[in-house]
Amino acid sequence: VIGGGPGGYAAAFFAADMGLNVTLVDMEANPGGVCLFRGCIPSKALLHVAKVASEAKHATNWGLTYASRRSTSTSSARSRTAWCRKLTGGVGQLAKQRKINYIQGKATFVDTKTLSIEPVGKTAARRSR
Ligand SMILES: Cc1cc2nc3c(=O)[nH]c(=O)nc-3n(C[C@H](O)[C@H](O)[C@H](O)COP(=O)(O)OP(=O)(O)OC[C@H]3O[C@@H](n4cnc5c(N)ncnc54)[C@H](O)[C@@H]3O)c2cc1C
């Protein structure tokens, strides 16, 4: 299966559960795709942080005051990254449990039956050493 997004990893998991020997290829270190790495989850986390910040800003109207409301965008981005890593790591574990051969790399069809996989990320760094 090329692509470890919600479409790809669901297909890979299903095929493995059906007893097939499955290889899943994605450019990221773990499956998760746009949804877990950049889309659904990070955007909902951002919306939640914005809502909390807005409520905190208006809390003085209800008699609550905070010593400091300094922007903590760096630490909020860090915790977002940590959550994404945790979630995608969890999907990676689910792939391992199913004995799916996960390859981090960019897949290209050489012909109808041959796939070339260009290493990316840590795989590429390891190979170049
Ligand atoms: C900001 C944002 C918010 C969103 N919010 C929601 C939401 O709340 N609810 C919802 O249902 N949907 C949401 N979506 C949509 C959701 O992210 C997509 O529907 C979903 O990710 C599609 O899954 P997919 O598996 O089809 O593709 P993708 O998630 O795009 O996965 C494709 C994967 O294939 C890999 N890939 C591509 N080409 C190659 C190659 N040649 N070799 C190896 N790997 C390759 C990519 O690295 C990627 O990981 C949101 C999207 C965005 C951008």
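Basis of the calculations
- Residues numbered from 1 in each chain as written.
- Predicted model: local features only at pLDDT ≥ 70, side-chain atom pairs only at ≥ 80, totals over all residues.
- Heavy atoms only, no water.
- Near = heavy atom within 4 Å.
- Polar contact = N/O pair within 3.5 Å; in protein donor to acceptor, adjacent residues only side chain to side chain.
- Areas by Shrake-Rupley, 256 points an atom, 1.4 Å probe, with all protein chains shown as cover.
- Helix = DSSP H or I, 4+ residues; strand = E, 2+ residues; numbered from the N terminus.
- Nonpolar A, V, L, I, M, F, W, Y, C, P; charged D, E, K, R; others polar.
- Pairing = 2+ DSSP bridges.
- Axes fitted to C-alpha atoms, helices over the stretch in contact; angles between N-to-C directions.
- Core = buried A, V, L, I, M, F, W, Y, C linked by side-chain atoms within 4.5 Å.
- Buried < 20%, exposed > 50% of the residue type's maximum accessible area, 1.4 Å probe, protein only.
- Contact = heavy atoms within 4.5 Å.

**Q** I'd like a rundown of the site of the ligand, residues and numbers included.
**A** The immediate surroundings of the ligand are formed by 20 residues, with Gly 7, Asp 26, Val 34, Lys 44 and Ala 107 found nearest. In this structure, an oxygen atom belonging to the ligand sits 2.9 Å away from a main-chain N or O atom of Val 34. One nitrogen or oxygen atom from the main chain of Ala 107 is found 2.8 Å from a nitrogen atom belonging to the ligand. With the chains in place, 53% of the 990 Å² that the ligand exposes on its own is no longer accessible. Mapped onto the shell around the ligand, the elements with two or more residues apiece are α1 (6-17), β1 (23-26), α2 (33-37), α3 (40-58) and β2 (101-111). For the shell around the ligand, the residue count by class is eight nonpolar, nine polar and three charged.

**Q** Before we move on, could you go through the sheet that holds β2 and cite the residues and values that matter?
**A** Overall, mixed pairing links the three strands, which are arranged β1-β2-β3 in an open sheet. Each edge of the sheet is formed by a strand with only one pairing partner; in this case those strands are β1 and β3 (114-119). If you compare each strand with its neighbour and ignore which way they point, the axes differ by 70 degrees on average. Pairing analysis gives four bridges linking β1 to β2, with the strands arranged parallel. Looking at the pairing, Thr 23 lines up with Asn 101 of β2.

**Q** Explain the nonpolar core to me, using residue names and the numbers behind them.
**A** The biggest cluster of nonpolar side chains holds 12 residues, and these are Tyr 9, Ala 12, Phe 13, Ala 15, Ala 16, Val 22, Leu 24, Cys 35, Leu 36, Val 91, Ala 95 and Ile 100. Of all the secondary-structure elements, those providing two or more residues to this core are α1, α2 and α4 (73-97). Looking at which element gives the most residues to this core, the answer is α1, with five residues. Setting aside residues no more than four positions away along its own chain, Ala 15 makes contact with Leu 20 and Val 22.

**Q** I'd like a description of the pairing of β3, backed by residues and values.
**A** Looking down a regular strand, the side chains alternate between one sheet face and the other. Bridge count for β2 against β3 is six bridges, and the pairing is antiparallel. Bridge pairing in β3 links Lys 106 to Glu 118. Remark: two residues form the turn of the hairpin made by β2 and β3, two consecutive strands paired antiparallel.

The values reported here are purely geometric and, on their own, carry no functional implication.
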